[in-house]
Each structure stands twice: as structure tokens, then as C-alpha cells.
Amino acid sequence: MTDDVRNIVLGVIAAGLSAAIGWFTRTYLWRRKLRRKQRFFGLPKNSESLLVVNRDAGGTGAVHRFDVFALLELSVLIKDCGAHAQIIQHDLTQQGFGERTEFCVGGPVSNRRMAAHLHSLLPGIRINTDPEPGPDRAAFQIGTERYRMEPGTSEHVILARLTAGQDARPVFVFCGQSAITNQAATRYLARNYEKLARKHGNNSFCLLLKVSNSQAYGPDVVDTVLDVTRAAQSPVPAPRTSHRAG
């Protein structure tokens, strides 16, 4: 074997080894990222999850189109984890939580399951469900603070990951002052779950998000107002303190 042939053979072997190492490295990193995602969402491969849907607050029995978009966002997350989803209406969900990951979408008026979660898991959050028009309609009361809604301009939504124990599957809550804020929260979770997992691990958390100018930007402009985990999980009979988020 001449030196030229030897160099060519060695070059081919080196290129093959480099390609193999690169492939194994990418595969390892991809699988590690997938495992972290599965742990955060409580969705190991081939596991089952629940998508609990509300009904349009107008009483038609249909699901609001923005809530449908929210379900689509969540379905992609579930599929990426290699898990399966069962869509079920809020008034047909008569079971506990912790056995399967649950994604619950909608406010307490249109979603009975959400009302139960707020009562038992987030007792520090009160939502004004009075249908009459007024400045406090759909306002959130969290601890001593009140967060009002300015439709289409400044709207709020609760995004929470809640667990009942170390081995229990989480419940994800998307409870907004309007349907478009529910979609905004699901999109925020899809885009920021890695950052949330680094900060909170697999522990419970509750965030108050603000959706700005949804009439122009839809569900895309979302900011974190505050981590309200402690206040949301601690019922406090507090005075009415008005707060308008700018």
C-alpha cells in the first residue's frame, strides 16, 4: 500500500469516526432533552394524559376557537413527548388527579373542573365571576392584590404546574380572563418550558402572566407579572386592594 492510498484510507476512516461520534453526540443530547421534557410534563413515552376542555361562556355548548387553538398547542407538546391525549369535557371529568398528567383550560365559569382546582389547589386565587359589566368583571384577586382586565389591551392569565406528591403526575392550569389568554398561556409554556424547568424543577409553581394588546398581536405578546405560588396556595381573607397593571 502506497503512502497516498494509506492517507486516503486513514482519511476515510477518520471522517467516518467523526461522523459517527457526531451522530451519537447529537442523539445523546436529543434524548437527554427529551427525557427532561418528559419529566417536566409528566409524560413518559406511551403514557396517557387528559385535555380538559371548557365550553363557550356564551352557553352554546361549543368550545371557543381560541381554546381550540390552545388545545392544538398542547397536543403538539404531548405528541413530542411520545405520549397520548384524551380530550374530555369539564363536566364529564369525575376523577382525582395525579394518575395522569392533566391540562385544564378555561375559567371557573365555563370549566367546572377548573373551579375545583382553584378551590382545592389554589385557594388564594379568587376570580370575579359576576356576569354584569363593571370594572371588576373577571378580575383576579391574588392575596391582597387585584388584577383587572382591560379587554383587548391588558388581560391576565394564570399558568400553574401543580402536583399532589413526588410521584404524582402534574396538573397544568391555564385560567385566563378571556379565551385568547388561555391560548397565550399554552404558547408561553411551549416556548419557555425549558426555562421553567430549570427554575422550578419538577415542583409546583403558579405564575401570573399579562397578555398585552391582544386585539393587535393576538396571543404572542406575553410577559410574566409575578410568581404568585405562595400567595395562590395560601388562602388569605384580605381587604380589597385595587391594582391596575400597566
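Our structure is the block above this text.
The rules behind these values
Residues numbered from 1 in each chain as written. Predicted model: local features only at pLDDT ≥ 70, side-chain atom pairs only at ≥ 80, totals over all residues. Heavy atoms only, no water. Core = buried A, V, L, I, M, F, W, Y, C linked by side-chain atoms within 4.5 Å. Buried < 20%, exposed > 50% of the residue type's maximum accessible area, 1.4 Å probe, protein only. Helix = DSSP H or I, 4+ residues; strand = E, 2+ residues; numbered from the N terminus. Contact = heavy atoms within 4.5 Å. Pairing = 2+ DSSP bridges. Axes fitted to C-alpha atoms, helices over the stretch in contact; angles between N-to-C directions. Phe/Tyr/Trp six-rings, centres within 6.5 Å; stacked < 30°, edge-to-face > 60°.

Engineer: Before we go on, may I ask you to explain the nonpolar core in this structure?
Structural biologist: The nonpolar side chains of a soluble globular protein tend to be buried, and buried together. Residues Phe-40, Phe-41, Phe-103, Phe-174, Leu-189, Leu-196 and Leu-209 are the most contacted members of the largest nonpolar core, which totals 29 residues. Where this core is concerned, the elements lending two or more residues are helix H1 (3-41), strand S1 (48-53), helix H2 (65-80), strand S3 (101-105), strand S7 (154-162), strand S8 (171-176), helix H4 (179-200) and strand S9 (205-212). The element best represented in this core is H4, accounting for six residues. Excluding anything up to four places from it in sequence, Phe-40 contacts Arg-161, Pro-170, Phe-172, Leu-189, Tyr-193, Leu-196, Ala-197, Gly-201, Asn-202 and Phe-205. Residues Ile-88, Tyr-147, Ala-160 and Val-228 belong to the second largest nonpolar core, which totals 22 residues.

Engineer: Sorry, what's going on with the sheet that holds strand S5 (residues 140-142) here?
Structural biologist: Note on sheets: strands pair through backbone hydrogen bonds, and any given pair is parallel or antiparallel. Reading across from one edge, S4-S5-S6 is the order of the three strands in this open sheet, with antiparallel pairing throughout. Edge strands, defined here as strands with exactly one partner in the open sheet, are strand S4 (125-127) and strand S6 (145-147). This sheet shows a mean twist of 20° between the axes of neighbouring strands, independent of strand direction. Direction of pairing for S4 relative to S5: antiparallel, over a ladder of three bridges. From the neighbouring strand, Arg-126 faces S5, where its bridge partner is Gln-141.

Engineer: Please explain the packing of aromatic side chains as it appears in this structure.
Structural biologist: We describe a pair of aromatic rings using the distance from one ring centre to the other and the angle between the two ring planes. In total, this model carries eight aromatic pairs according to the counting rule given. Ring geometry for Phe-41 versus Phe-172: centroids 5.4 Å apart, planes at 40°, classification tilted. Linking Phe-41 in helix H1 with Phe-172 in strand S8, this pair joins segments that are 131 residues apart in sequence. Between Phe-41 and Tyr-193, the ring centres sit 5.6 Å apart and the planes meet at 50°, which makes this aromatic pair tilted. A residue pair is termed long-range when its members are at least 10 positions apart, and Phe-41 in helix H1 and Tyr-193 in helix H4 qualify at 152 residues. Judged by relative accessible area, Phe-41 falls into the buried class, the value being 0%.

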